[in-house]
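The residues making up each chain are set out below.
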Amino acid sequence: MRFLPIRSQIFLGCFLNFALAIASMHAQSETGPGASLEPRLRIPATRFEHLPLGQLSLDPRIGIGPDEAATIALYSNPALRSIRDRRRLAIAQVIQAGILPNVVVAYARDYVTGGNTAGTTTGYSFSAGWEFSPLVPFLPKQTAARKNLASVDLDIAWQEWQIAENARTGVYRVLALDAQTRRAREANRGLEESTDAMRKALEAHEKTVLDLAAVEASSQDSRATMLSLEQEFEHQRLGLNKILGVEPETKVRLRAGLMLPTHLDPPDERDLLANIESRRLDLLGLRKGYESQDAIVRAAILAQFPKMSAAFVRASDTTNVHTDGFNITIDVPIFDRNQGAIATERATRQRLLDEYNQRLFEARSDIAVAIADIRALDRQVAAAQEALPMLERLVDSAEKAREQGNADVLSYYTARNNLLQKRIQLIKLQEQLLEANTALETASGRYLPSNAALHAR
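All of the points below concern the structure found in this document.

Rules of the game
- Residues numbered from 1 in each chain as written.
- Predicted model: local features only at pLDDT ≥ 70, side-chain atom pairs only at ≥ 80, totals over all residues.
- Heavy atoms only, no water.
- Helix = DSSP H or I, 4+ residues; strand = E, 2+ residues; numbered from the N terminus.
- Buried < 20%, exposed > 50% of the residue type's maximum accessible area, 1.4 Å probe, protein only.
- Contact = heavy atoms within 4.5 Å.
- Areas by Shrake-Rupley, 256 points an atom, 1.4 Å probe, with all protein chains shown as cover.
- Pairing = 2+ DSSP bridges.
- Axes fitted to C-alpha atoms, helices over the stretch in contact; angles between N-to-C directions.
- Patch = residues over 30% accessible without salt bridge, like charges linked within 9 Å, V, L, I, M, F, W, Y side chains within 5 Å.
- Salt bridge = Lys/Arg side-chain N within 4 Å of Asp/Glu carboxyl O.
- Parallel < 35°, antiparallel > 145°, perpendicular 65-115°, else oblique.
- Left-handed = near helix turned anticlockwise from the far one by under 90°.
- Nonpolar A, V, L, I, M, F, W, Y, C, P; charged D, E, K, R; others polar.
- Core = buried A, V, L, I, M, F, W, Y, C linked by side-chain atoms within 4.5 Å.

1. Side note on the overall build of the chain
The helix and strand inventory of the chain stands at eight helices and six strands. Each helix and strand of the chain, ordered N terminal to C terminal, gives the series β-β-α-α-β-β-α-α-α-α-β-β-α-α. When each of the 457 residues of the chain is scored for burial, the buried share is 40%. Counted over contacts in the chain with a minimum sequence separation of 6, partners at least 24 positions apart contribute 78%. Only carbon and sulfur atoms are counted for the fraction: they give 54% of the accessible area of the chain, which is about 24500 Å².

Okay, structure coming up:
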């Protein structure tokens, strides 16, 4: 499928380095039961930095990368449907806030049914009234509803951002586990061949039972590692399918040429912390929510104004006397001065402010932790890479010594197993490096290109 360029009302460009323009699909969206995509785009592209425009082509024969997976998840993940439905409720609240109370019309007739009926007629009364006290908090309520809609939009965008990040992380994990599984299978094949060769050598009385037991034990350990990795790989594959919104039996192919990075340079921490309040969608949403609640508090205070209504009255009694007049009703606020509602709304406003400050503090802390993790993982990856050549030389030396009868078989296979575990550990560290980069993206609210190989076409 092909997504065409679009230059406004799209938020996912903040993490898609080539896929900002997802489509002219913002025009109309399917809402029927069979609809599979929900192209509801809300946040202007100008809100984000470094947004290259272009088009994204998804060919299942070529496979997908992290950014394509993020895009697919945004349009096909079923969980986003219920999240986006919140916007309809917020729109309904905006409509409700702009509706004024109806005019109340009353009509009554008095029939003469007995007694001294001489000279009497049927009486009636007619009144038309309107309660105008809702006009007092009318504007604050409208402001609150509009701010709440903006808050809901931003919160939905934050949820979409997180799901997109989870989709990218899912690709990283599948990529890493695939590499680990291939390493384990390669090692297991070699050990199975060695076991068969050892059995033949034992039958020819060239090796001892102890030698066979050593290689069989190493082979069993390698097989157990391989089966465990295959199980974890299948689990992550199904998890990626779930977040992409595709059926479990679908085989999602990753694009060829994707590689795990061996080093990442995190951006400057001060640069990431600067203006984070205007970058993080959840913080923007909480700010709009606070502004909405502040307007609700003002509306609750204004609602202390006594309820008032005025009505025009026309009446005729049974003696055929006609009258025209008016009626004014005022609610005297002696006991109920809306103090309970005011206290509730003020407490809610304070809770939103405290939640905003807490989320801002956590964001700053998460950025520091993610940067520290990236730097630590960079060092660990470098150390693991430095150890690999030494372990490979150790395995080669042990193999030569074993062939010459200068070392026991157990030492050789122990060295070989250590090499396998170190290779798998290196892949896990590279995966953790990408996950730390994703955590930094989430915490900072900024798309951070992680590795050119992950985005190579």
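Structure's up, so let's keep going.
2. Here's the deal with the pairing of strand 4 (residues 123-131)
The sheet contact formed by strand 3 (residues 104-110) and strand 4 spans seven bridges and is antiparallel. Note on strand 4: the bridge partner recorded for A108 is S125.

3. Focus on the sheet that holds strand 4
Here we have four strands laid out as an open sheet, ordered 3-4-5-6, and antiparallel in their pairing. In this open sheet, the two strands that pair with only one neighbour each are strand 3 and strand 6 (322-330). Each strand axis lies, on average, 15° off the axis of its neighbour in the sheet, ignoring direction. Here strand 5 (residues 308-316) pairs with strand 6 via nine bridges, running antiparallel. If you follow F312 over to strand 6, its bridge partner there is F326.

4. A few points about a nonpolar patch on the surface
Taken together, the side chains of V103, V105, Y107, F126 and F312 make up a nonpolar region of the molecular surface, amounting to roughly 490 Å² of accessible area. Tracing the chain through its elements places V103 in the loop between helix 2 (79-97) and strand 3.

5. Observations concerning the packing of helix 1 (residues 66-76) against helix 3 (residues 138-203)
Orientation of helix 1 relative to helix 3, taken along the N-to-C sense of each, is 135°, at an axis distance of 8 Å. Taken together, the axes of helix 1 and helix 3 are oblique relative to one another. You can see that helix 1 and helix 3 cross each other, and the crossing is right-handed. Residues P66, D67, A69, A70, A73 and L74 of helix 1 touch helix 3, and the partners they reach there are E160, I163, A164, A167, R168, V171 and Y172. For the contact of helix 1 with helix 3, the per-class residue count stands at 10 nonpolar, no polar and three charged.

6. A few points about unusual backbone geometry
Positive phi values are uncommon outside glycine, yet N275 reaches one of about 60°. Look at N338: it is not a glycine, yet its phi comes out positive at around 60°. Summarising the element assignment, N338 is placed in the loop between strand 6 and helix 7 (339-403).

7. Quick word on the pattern of salt bridges
Inspection of the entire model under this criterion finds 27 salt bridges. With its nearest N and O atoms 2.7 Å apart, the salt bridge here joins R84 to E160. Here E160 lies in helix 3 and R84 lies in helix 2, a separation of 76 residues in the sequence. In this structure, the salt-bridge partner of R182 is D178, at a minimum N-O distance of 3.3 Å. Of this pair, R182 and D178 are both found in helix 3, four residues apart, which corresponds to roughly one turn of the helix. Residue R182 is classed as partly exposed on the basis of its relative accessible area, which comes to 46%. Here D178 falls in the partly exposed class, since its relative accessible area comes to 27%.

8. Here we look at the nonpolar core
Within the largest apolar cluster, 38 residues are counted, with the highest numbers of intra-cluster contacts made by L240, L244 and L254. By residue number, the principal contributor to this core is helix 3, which donates 15 residues. Contact partners of L244, with chain neighbours within four places excluded, come to I64, A69, I72, A73, S76, N77, A167 and V252.

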